[in-house]
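Architecture and fold: a report
Chain by chain, the residues:
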Amino acid sequence: MSTPTPMKHAPSQQGRTPSQLAAATPPVSTPFSNPAHAAFSPRGPKSSPQQVKKSPATSALMGQPALGAFNFDSPSTAAAMGALGIGGAFDIGLDNSVVNGLDAIGAALATEDDKLKRLDTILKTLSKQGLVSEAGIERLAQQIGLELLSEEQTTADGRKTRTLAIAGSAIALDIVLDNNIVQSISLAYHGSAPAVSRHMDDAAQILLRDLQLLPGQSPLTKSLGGFASNFGRLATLDKLSIVPGLDCHEALSGIYVSLQRLYDWDLSKLREQASMAGKSDSYVAAMAMCARHGRPVMHARGKVGLALQYWKQLRFVPPASDAMSAFADEHEKVWSLLLGCAPIEGMGLPPVRVSENWISKAIVKDEPSLDPSGIPLDWQEPENISLPQSEENKDAGMEMLHPDLSTTRVPRVMFTVTFDPPVMLPQNDWARLYMIANIEPPNIEMSNRGGPPTFDSLLFPIPAGVKVDPSEVRTLSRRREVLVYGQDGTATTRVHRNILYIYKPIYSQTVSEMPFSHPRQLIDMMPLLRQYAFLSTLLNSSFGATTEPSASVKEDTTKSNKDQGKGMSTTTTTRDQLADFFGNDEPAAAKSNEASTEASSDAGSDAQLDVILWVHPSPHLQIVFPLNTSTADVTLKIREGGTVEIVEDNITTSSGSEAAGKGKGKQLTRETLGRALEHLEDLCKWAEWVRTRY
């Protein structure tokens with residue numbers, strides 16, 4: 001069949017980008033200091049205060065007295081207002097305590113929040129991509145803006161199949177369907193970059209899995225969502241490319257080549273360390289990912305595109321077999337930075353550059369680093385792309401002024417990074433993240449409660465309809481069953497009732513996407529990102545979705561038995577790895593039966609774990625839990641890079657030379673407690689580990 005003719009697109013098809021976030025300067029004062037902000041924003045406090053200043057109605061109302069002046073003390077007046085539809089949508093500051101009967105009227109009327117929720121539901125429904133079918137794929141190609149041709153063929157056995165050919169300027173995708181069932185796909189790259197062609201087969205396999213029916217799936221339920229997201233990334237790069245001049249696929253593959261060079265150097269340096277002797281390749285790779293400069297991957301973990309992985313679950317516990325490795329790749333959580341491109345729509349944002357030498361082949365500089373704890377990486381500054389002057393490039397380029405006052409026509413395209421998953425940071429660290437990228441932070445996002453969201457409300461959203469007084473302590477009470485293993489390997493279940501206390505709410509923000517100009521900036525972000533990735537892991541394990549509300553949960557013996565059977569081998573493996581890590585050479589089966597009996601005697605009883613959280617100026621946790629006949633009280637700090645520092649405790653001495661606890665003949669030092677938590681990544685399991693060794 002013939003190859004479809006590529007189609008050019010206007011810049012209007014490129015859509016919104018993160019660069020718009022940098023168009024406005026964040027307010028210096030408190031974000032909710034403008035009284036007109038909440039009253040006239042289409043989404044309440046989430047809109048920009050600058051929009052209110054431009055409203056003619058704002059200046060008129062700003063001169064009025066306080067809203068409390070609008071007072072109606074007659075119930076009949078309130079009822080008339082309700083009949084006219086004046087209710088929650090026309091909020092003029094009525095005091096419900098003054099107007100009798102207003103509560104009943106307000107309950108019958110839809111509030112503004114309810115209307116917005118219904119609107120969001122409608123928008124989410126309309127944004128769904130539909131089902132995998134010939135018509136569905138055709139509609140998707142039209143939405144993306146690529147050309148599509150459809151041809152019908154007859155197979156040797158007489159069956160009729162249809163081939164959908166979707167083409168852009170550098171990529172072409174052929175999809176073969178038989179009665180709306182996808183049989184095969186073919187993804188081709190027509191550019192000149194070998195680094196891009198080398199990875200096209202991996203991208204094709206991901207797209208095929210997004211379209212093909214899995215065991216147990218039906219054509220009536222196979223969604224196009226995954227394919228639309230993955231192919232949309234390729235289509236975006238294709239539409240932003242400028243021929244001749246800029247190939248966005250090549251620009252990202254150049255970053256991949258540079259980061260892969262750095263990753264290989266990290267692996268070689270780690271293998272030279274004495275502590276890595278005898279460690280598996282997967283263990284060394286996890287250390288390079290989580291403790292060095294990250295691991296770049298192209299078209300991996302079901303996502304098309306370039307990703308820089310910087311954190312993962314159970315980083316100290318590598319899979320013991322190929323089957324476990326495949327399971328871990330599928331189910332274990334990985335924190336990544338997804339790299340892409342977007343059009344520049346703001347001022348002062350640098351354009352993309354194309355190079356495979358963002359870092360030199362020597363990796364490090366000859367001269368020593370000014371920071372004794374840092375590595376003097378030899379980063380390079382590639383030249384900007386110079387677009388030829390032509391009518392086709394007139395809207396796709398912009399003039400850049402150099403220090404020598406000369407100008408160059410560069411692409412109106414920038415690099416972007418998407419945080420997967422999004423990162424929740426206190427506002428000071430949120431601003432520091434944008435400072436690392438050398439861009440202005442966007443306007444502060446507001447919550448639907450009238451002010452910036454807090455760290456705890458972002459991590460554990462407040463249920464709808466629940467009122468929270470910011471001056472009061474917020475508590476979360478959860479219940480969780482924890483398997484406790486004795487020294488002889490026997491397992492018992494212990495119920496943990498965990499309570500999280502937040503005494504001081506800290507205003508915070510969520511970062512989902514932002515521009516960047518150099519991969520060095522991504523590397524500089526990693527210590528901060530790892531710090532909060534590890535904090536979220538600790539809190540979610542004890543208070544997240546896998547736990548249950550402690551007040552309304554019933555004992556479930558069947559579930560406990562099932563969980564005990566499923567977790568037996570995995571937990572034992574983790575425990576053996578920890579025993580090996582801390583130098584415990586005695587086999588697990590030969591441990592003291594006396595210690596096992598003591599651990600089992602109270603393993604079935606409930607244990608309460610009290611945790612106090614504060615994240616300013618840095619994340620801290622105070623953990624209190626029962627310890628034999630006493631109570632353990634440990635305060636720890638999550639440092640940048642995801643390491644643990646024990647600040648205070650009543651288990652060990654501050655120096656660690658004379659530990660208060662000498663369980664199993666080994667001293668428990670602060671360093672040992674911190675490293676154990678880093679390995680276990682779970683507050684409940686860590687508390688049981690301490691209890692069985694005290």
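Residues numbered from 1 in each chain as written. Predicted model: local features only at pLDDT ≥ 70, side-chain atom pairs only at ≥ 80, totals over all residues. Heavy atoms only, no water.

Per an unreviewed UniProt entry, the protein carries the name Mediator of RNA polymerase II transcription subunit 1 and comes from Purpureocillium takamizusanense. Recorded in UniProt under Subcellular location (unreviewed entry), the annotation for the protein is "Nucleus". Regarding the protein, the UniProt comment filed under Sequence similarities (unreviewed entry) reads as follows: "Belongs to the Mediator complex subunit 1 family." (UniProt positions renumbered as here; feature names shortened; annotations may be inferred.)

Okay, the pattern of salt bridges next. Overall, the coordinates contain 23 salt bridges when judged by the stated rule. R315 is paired through a salt bridge with E681; the nearest N and O atoms lie 2.9 Å apart. Of this pair, R315 sits in the loop between β6 (303–312) and α13 (322–331) while E681 sits in the loop between α19 (670–680) and α20 (683–693), placing them 366 residues apart in sequence. Here R315 matches E681 in class, with each residue buried. The closest approach of N and O atoms between E645 and R639, which form a salt bridge, is 3.8 Å. Judged by its relative accessible area of 32%, E645 falls in the partly exposed class. Shared partners join several salt bridges into a network, and the residues in it are E134, E152, K160 and R162. (Salt bridge = Lys/Arg side-chain N within 4 Å of Asp/Glu carboxyl O. Helix = DSSP H or I, 4+ residues; strand = E, 2+ residues; numbered from the N terminus. Buried < 20%, exposed > 50% of the residue type's maximum accessible area, 1.4 Å probe, protein only.)

Further remarks concern the sheet that holds strand β16 (residues 548–549). Taken in spatial order, the seven strands of this open sheet run β16-β13-β14-β17-β18-β19-β20, and their pairing is mixed. Looking at strand neighbours, the two that pair on one side only are β16 and β20 (643–649), the edges of this open sheet. Here α19 sits on the sheet and contacts β19 (630–639) and β20; the angle it forms with β20, its principal contact strand, is near 135°. (Pairing = 2+ DSSP bridges. Contact = heavy atoms within 4.5 Å. Axes fitted to C-alpha atoms, helices over the stretch in contact; angles between N-to-C directions.)

Sheet topology places strand β13 (residues 474–485) next to strand β14 (residues 491–502); twelve bridges connect them, and they run antiparallel. Bridge pairing links L476 to L500 in β14. Where β14 lies against strand β17 (residues 607–614), six bridges are found, and the strand directions are parallel. Residue H496 lies in a different strand from β17, and its bridge partner there is A607.

With that out of the way, let us pick up the nonpolar core. Residues F419, M514, L621 and W686 are the most contacted members of the largest nonpolar core, which totals 101 residues. When residues in this core are grouped by element, the largest group, 13 residues, is from helix α16 (residues 519–543). Ignoring any residue separated from it by four or fewer positions in sequence, one finds L621 in contact with L535, L538, L539, V611, I612, L613, V634, T635, L636 and L683. Membership of the second largest hydrophobic core comes to 33 residues, among which are I137, A141, L208 and F231. (Core = buried A, V, L, I, M, F, W, Y, C linked by side-chain atoms within 4.5 Å.)

With that out of the way, let us pick up the sheet that holds β6. Pairing in this open sheet of five strands is antiparallel, and the strands run β5-β6-β7-β12-β15 from one edge to the other. The open sheet has two edge strands with one neighbour each: β5 (295–300) and β15 (508–516). Taking each pair of neighbouring strands and ignoring which way they run, the sheet shows an average axis angle of 30°. Strand direction decides the pairing type here: β6 and strand β7 (residues 334–343), joined by six bridges, are antiparallel. Bridge pairing in β7 links K312 to V334. Lying on the sheet, α16 is in contact with β6, β7, β12 (413–426) and β15; it crosses β6 at an angle near 60°.

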